[in-house]
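Now for the letters of each chain:
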Amino acid sequence: MSTRFKPAASPFILAVGMALCGIAAAADEPSPHYYLGLQAGRNNLDNWNADVSFGAGVSLPGKLGLDQGMHGGLVFGRQTEHARYEIEYQRGSFDLQSIELGPLKEAAGGSGHYEALTLNAYRTERLSDSFSGYVGAGIGFGKAKLPSASFSTGCQCFPGASGNGLAWQLRAGLEYDFTAAHKGFIQYTHLSLPGPDSGSTPGVDYDRKQVGIIGLGYRYAFP
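Note that the structure is predicted; figures quoted are calculated from it, not measured. (Residues numbered from 1 in each chain as written. Predicted model: local features only at pLDDT ≥ 70, side-chain atom pairs only at ≥ 80, totals over all residues. Heavy atoms only, no water.)

Draft legend 1. Up close: the confidence of the model for the protein chain. Looking at the protein chain as a whole, the pLDDT averages 88, with 87% of positions reaching at least 70. Considering only residues more than four positions removed or in separate chains, one finds that residues 18-30, a stretch of pLDDT under 50, has 18 contacts. (pLDDT = per-residue confidence, 0-100. Contact = heavy atoms within 4.5 Å.)

Draft legend 2. Examining the environment of Ala107 more closely. Residue position: Ala107 is located in strand E6 (residues 104-107). Residue contacts for Ala107: discarding those within four places in its chain leaves Gln97 and Ser98. (Helix = DSSP H or I, 4+ residues; strand = E, 2+ residues; numbered from the N terminus.)

Draft legend 3. Seen up close, the state of the cysteines. Summed over all chains, the structure comprises 1 disulfide. The side chain of Cys155 participates in a disulfide bridge whose partner is Cys157; the two sulfur atoms lie 1.8 Å from each other. In this structure, the disulfide formed by Cys155 and Cys157 twists by about 100 degrees around the S-S bond and is classed as right-handed. On the basis of relative accessibility, which here comes to 4%, the residue Cys157 falls in the buried class. (Disulfide = S-S within 2.5 Å. Buried < 20%, exposed > 50% of the residue type's maximum accessible area, 1.4 Å probe, protein only.)

Draft legend 4. Just the nonpolar core, in detail. Counting 26 residues, the largest nonpolar core has Trp48, Leu64, Tyr114, Phe158 and Tyr206 as its most contacted members. The element best represented in this core is strand E5 (residues 83-101), accounting for 4 residues. (Core = buried A, V, L, I, M, F, W, Y, C linked by side-chain atoms within 4.5 Å.)

Draft legend 5. Structural detail: the pairing of E5. Bridge count for strand E3 (residues 58-67) against E5 is 6 bridges, and the pairing is antiparallel. What sits directly across from Asp67, in E5, is Asp95. The pairing of strand E4 (residues 70-79) with E5 spans 9 bridges and is classified as antiparallel. Bridging from a neighbouring strand, Leu74 pairs with Tyr89 of E5. Between the end of E4 and the start of E5, which pair antiparallel, lie 3 residues. Strand direction decides the pairing type here: E5 and strand E7 (residues 111-126), joined by 13 bridges, are antiparallel. Bridging across to E7, Asp95 finds its partner in Ser111. Note that E5 and E6 share 4 bridges and pair antiparallel. Looking across to E6, one finds that Glu100 is bridged to Lys105. What sits between E5 and E6 in their antiparallel hairpin is a turn of 2 residues, with Gly102 showing a positive phi close to 60 degrees. (Pairing = 2+ DSSP bridges.)

Following this line, the structure appears as structure tokens:
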């Protein structure tokens with residue numbers, strides 16, 4: 001039995017935002033450094049809405065029921081006293097549980113995934129000797145792939161679909177310094193992905209999807 005969660009985006013981002021609120025945007029101080037990092041966590045993908053077209057202007061609303069999956073990422077960046085700039089690659093997965101088309105619903109199987117490559121920028125601030133907070137955003141390229149599924153009646157209503165395009169994200173996190181070089185963090189990411197389509201008729205066209213991700217990670221800082 002899988003464990004599900006619904007990330008409370010607003011309270012988490014608000015808490016970190018309040019901690020950083022009121023801090024003047026000062027010029028970056030000396031002592032910049034580079035870093036490598038990784039994260040692992042879980043997404044909140046439990047459905048994906050779509051428009052199923054049968055041609056001749058006939059279409060019905062559809063939906064995939066999904067099982068939340070794992071999420072991971074790698075990052076390389078540069079940090080100054082009050083800012084971080086980085087390039088990040090992320091990938092997540094999920095499993096198909098059901099398909100819906102109008103009033104019809106049926107169990108189904110399969111798996112899908114998404115990827116994103118973004119350039120991120122953060123405002124950072126020291127909260128204590130060991131803790132710091134950060135908020136920021138990223139923009140780049142994303143893609144998603146969804147499995148094919150059919151009803152027991154034989155209707156191939158959900159052919160396999162893929163798509164790529166603009167991806168963007170918002171993020172807030174809290175970081176702990178084990179040492180000057182080794183850091184651990186927890187963060188919440190709101191990731192927006194392009195909607196896949198099957199490119200066929202009959203076919204399926206999925207909506208752009210907003211994905212919530214809670215992750216734990218590690219950063220290694222070096223000169």
